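Now for the letters of each chain:
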Amino acid sequence: MMKALSNFFTALVQRFLPDPFVFALILTIVLFLSGVIFTHHSPIDMVEFWGSGFWNLLAFAMQMSLVLVTGHALASSPLIKKWMVKLAGVAKTPVQGVILVVVGSGIACFINWGFGLIVGALFAKEVAKRIPGSDYRFLIACAYIGFLTWHGGLSGSVPLVAATPGNPMEKTAGLIPLTHTIFTSYNLFITLALLIVLPIMAKMMMPTGKDVIGIDPKLLTEDEVSAAIATAPVDTKKTFAVSMENSRLLSLVISVLGYSYIVYYIVQNGFKIDINTVNLLFFTTGLLLHGTPLSYMNAVSNAAKGTAGILIQFPFYAGIQGMMELSGLGGMITNAFISISNPSTFPFFAFLSSGFVNFFVPSGGGHWVVQGPFIMPAAKELGVDSGVAAMAIAYGEAWMNMAQPFWALPALAIAGLGARDIMGYCVTTLLVSGVIFAVGLSFF
C-alpha cells in the first residue's frame, strides 16, 4: 500500500508540479490575488507589500549559497571523500543503502540543518555510486526526508530564537528556555519516532524492478572531472604568484584564524551554533583539507554552479513573506485555526496552520515573525504552555517542507535532479510524519 501511495504521488507530481522557480511565481500570483480578495488592501497596497519585502532575504540567500558551496567543497576534499566512501560501504544492498541515508541524514539534520542538508545529499550520491540496483532519485529523496528532524534539533530556528533575549516575541511570550522546547519528552518522542519510522517507511516505498532508475553516468563523469580539477597538478613555474596559490602555509594560517574565532564564539556565547558558524566551520575545514588556496578555489568554482536556483528564487519568497505579513493574511489564516481550538486541540491546530503558512513563508525564522504574534497570545489566553505553542509552529514548518520544494534546492543542485524527481516520495512522507507530530503534540 505504501509503495502504491508513493507511486501515485510520484505520478501526480511528475504531471502537475512545475519547476520550483515557476512554483514560486505561481504562489506569488495566488497570494497577491488572495490579499486583494480577502483583505481590505488594494492591488497597489499588495504591490507595495511585495516590493518592500522582495529583497529582505538577500543576506539569507547568500548564507544558503555558502552552505551549498562550502559544504560541497568540503565534501570534495580527499579525506572527506574517503570517509564517505568507507561509510557508504557499510551498506551492501539497496535496502541497507536507503536505511543508511535516511538515518544518517536525520541525525545530521538534528545536529545542524545546514550540515545535514548538504552532507545528506552528498552521502546519498555516494551510496548510489557504490550499490548497484539503487534508485538514485529515491536516495536523494531519502536524504531530504531526513530533514524532518531539523526543527526539533540543536539548530531549530524557532526554539533558539524564542530563547534569545530581544527576540520579536519576548514582550508577548517572554523568553522560552530550551528545556521547554528542544529538551522535552514530547520532542524526544517525535525525534526518535521519526528516526525509527522514516527508515521503515522508506523501505516500504522503495522502487523495485523496472521502476528503478540508477544514477546518470553523466553525473559520475562530472564528479570525476571535478575531482581532477580540484587536484590538478601544481604549476612548476616558481613565480611568487604560483607559490602563493599553492602555499600550504597560507591555508594553515587562515584555518587557524577561523578555528580560533569559532572557539572564541563558543566560549562567549555557549554552544549556540547558527548558519554563520556552520559556514565558517565548513570554509575553514575545507581550506585546510584541500591544502592549498588554488585547490580549494577550484572546488568552490565547481560547487558554485549549483546556486542558481537559490539566488533567483529567494527574492520571490521574500516578496511572498512580505505580502503575508503586511497584508494580514498570515494572521487571518492563523486565527481561523485558533477559532476552532480549545486547550487540548490548540497545539494540533497551531501545527496545521503553521504547515499551511509554510507554503507561502518557507522559513523557520519567518514563521516566528508571521505566526508568533497570533499563536503565542492565543496560547497564553487558553492556558497552553508557551514551549508547546512555539514547537507547534516549528513542527508545522518542518512538516510541510515535504510538500514545499524550497529547501530541497541545495540537495537537488548537488544531485543534478529536479523537484519532480523526489517530491512524490516526500508527499507520501508528509502523510505518515503528520501522524507522529500530531501524537507527540497531543499526548506527551
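Since the structure is predicted, the reported quantities are computational estimates derived from the model, not experimental observations.

## Considering the overall build of the chain
- Broken down by element type, the chain carries 23 helices and zero strands.
- Computed over C-alpha atoms, the radius of gyration of the chain comes to 22 Å, within 12% of the 22 Å expected from 2.2 N^0.38 for 444 residues, which places it in the range of a compact globule.
- In the chain, the share of contacts with a sequence separation of at least 24, taken over all contacts with a separation of at least 6, comes to 80%.
- Positive and negative charge centroids in the chain, built from 21 and 19 side chains respectively, lie 12 Å apart.

## A word on the environment of Ser301
- Positionally, Ser301 belongs in helix α16 (residues 293-304).
- The spacing of Ser301 and Ala73 is 228 residues in sequence and 8.8 Å in space, taken between C-alpha atoms.

## What about the packing of helix α1 (residues 2-16) against helix α11 (residues 185-205)?
- Following both chains from N to C, one finds α1 and α11 inclined at 75°, their axes separated by 7 Å at the closest point. Regarding the angle of α1 to α11, the classification is roughly perpendicular. In contact with Met2, Lys3 and Ser6 of α1, α11 contributes Met201, Met204 and Met205.
- Looking at the contact of α1 with α11 residue by residue, the class counts come to four nonpolar, one polar and one charged.

## Examining the nonpolar core
- With 119 residues, the main nonpolar core has Met64, Tyr144, Met324, Phe346, Trp368, Trp407 and Ile422 as its most contacted residues.
- Take this core: its biggest share by element is 11 residues, from helix α21 (residues 386-400).
- Not counting the four nearest positions on each side in its chain, Met64 is found in contact with Trp113, Leu117, Ile310, Phe314, Trp407 and Pro410.
- Membership of the second largest hydrophobic core comes to seven residues, among which are Val69, Ala73, Val300 and Ala303.

## A few points about the side chain of Lys125
- On the secondary structure map, Lys125 appears in helix α7 (residues 113-130).
- Overall, the relative accessible area of 7% leaves Lys125 in the buried class.

## So, α21
- Given a rise of 1.5 Å per residue, 15 residues ought to cover 21 Å, and the 22 Å separating the end C-alpha atoms of α21 matches this to within 8%.
- In terms of burial, α21 is a largely internal element, 14 of the 15 residues being buried.
- One side-chain oxygen of the residue at the start of α21 lies 2.9 Å from the amide nitrogen of Gly387, identifying that residue as Asp385.

## Brief notes about a nonpolar patch on the surface
- Together, Phe240, Met244, Leu249, Leu250, Leu252, Val253, Ile254, Val256, Leu257, Phe283 and Leu288 make up an exposed nonpolar region whose accessible area comes to about 1000 Å².
- The set of elements that each furnish at least two residues to the nonpolar patch consists of α13 (240-245), α14 (248-269) and α15 (275-290).
- Along the chain, Phe283 turns up in helix α15.
- Among the residues examined, Phe283 registers a relative accessible area of 32% and is labelled partly exposed.

## Notes on the pattern of salt bridges
- Scanning the model with the defined rule gives two salt bridges in all.
- Across the salt bridge formed by Glu126 and Lys129, the nearest N and O atoms sit 4.0 Å from each other. Residue Glu126 and its partner Lys129 are located together in helix α7, separated by three residues, close to a single helical turn.
- On the basis of relative accessibility, which here comes to 30%, the residue Lys129 falls in the partly exposed class.

## Describing the environment of Val67
- Counting through the fold element by element, Val67 comes out in helix α4 (residues 58-75).
- Its relative accessible area of 0% is what places Val67 among the buried residues.

## So, helix α6 (residues 94-111)
- With 18 residues, α6 should reach 26 Å at 1.5 Å per residue; the first-to-last C-alpha distance of 26 Å fits that figure.
- Every buried residue of α6 is accounted for by Gly97, Val98, Val101, Val102, Ser105, Gly106, Ala108 and Cys109.
- Tucked inside the fold, the buried residues of α6 contact α7, α8 (136-145) and α11.

## As for the confidence of the model for the chain
- Summarising the model, the chain shows a mean pLDDT of 87, and 94% of its residues fall at 70 or more.
- Confidence, read as mean pLDDT per element, is least for helix α12 (residues 217-230) in the chain (58) and greatest for α11 (96).

## Re the packing of aromatic side chains
- Tallying each qualifying case throughout the model produces 22 aromatic pairs.
- When the ring of Trp50 is compared with that of Phe54, the centres are 4.9 Å apart and the planes differ by 55°; the resulting orientation is tilted.
- A residue is classified by how much of its surface remains accessible, and Trp50, at 27% relative accessible area, is partly exposed.
- The exposure class assigned to Phe54 is buried, which follows from its relative accessible area of 13%.
- Each ring, one from Tyr144 and one from Phe147, has its centre 5.8 Å from the other, and the planes form 25°; the classification is stacked. Side by side, Tyr144 and Phe147 carry an identical accessibility label, which is buried.
- Aromatic rings pair up to connect Trp113, Tyr144, Phe147, Trp150, Phe314 and Trp407 into one cluster.

## Observations concerning the side chain of Asn358
- Mapped onto the fold, Asn358 is located in helix α19 (residues 346-358).
- A residue is classified by how much of its surface remains accessible, and Asn358, at 0% relative accessible area, is buried.
- Aside from chain neighbours lying at most four places away, what touches Asn358 is Ser363, His367, Glu397, Met400, Asn401 and Gln404.

What counts as what
- Residues numbered from 1 in each chain as written.
- Predicted model: local features only at pLDDT ≥ 70, side-chain atom pairs only at ≥ 80, totals over all residues.
- Heavy atoms only, no water.
- Helix = DSSP H or I, 4+ residues; strand = E, 2+ residues; numbered from the N terminus.
- Rg over C-alpha atoms; globule rule 2.2 N^0.38 Å.
- Contact = heavy atoms within 4.5 Å.
- Lys, Arg positive; Asp, Glu negative; His and termini not counted.
- Charge placed at Lys NZ, Arg CZ, Asp CG, Glu CD.
- Axes fitted to C-alpha atoms, helices over the stretch in contact; angles between N-to-C directions.
- Parallel < 35°, antiparallel > 145°, perpendicular 65-115°, else oblique.
- Nonpolar A, V, L, I, M, F, W, Y, C, P; charged D, E, K, R; others polar.
- Core = buried A, V, L, I, M, F, W, Y, C linked by side-chain atoms within 4.5 Å.
- Buried < 20%, exposed > 50% of the residue type's maximum accessible area, 1.4 Å probe, protein only.
- Expected span 1.5 Å × (residues − 1).
- Polar contact = N/O pair within 3.5 Å; in protein donor to acceptor, adjacent residues only side chain to side chain.
- Patch = residues over 30% accessible without salt bridge, like charges linked within 9 Å, V, L, I, M, F, W, Y side chains within 5 Å.
- Areas by Shrake-Rupley, 256 points an atom, 1.4 Å probe, with all protein chains shown as cover.
- Salt bridge = Lys/Arg side-chain N within 4 Å of Asp/Glu carboxyl O.
- pLDDT = per-residue confidence, 0-100.
- Phe/Tyr/Trp six-rings, centres within 6.5 Å; stacked < 30°, edge-to-face > 60°.

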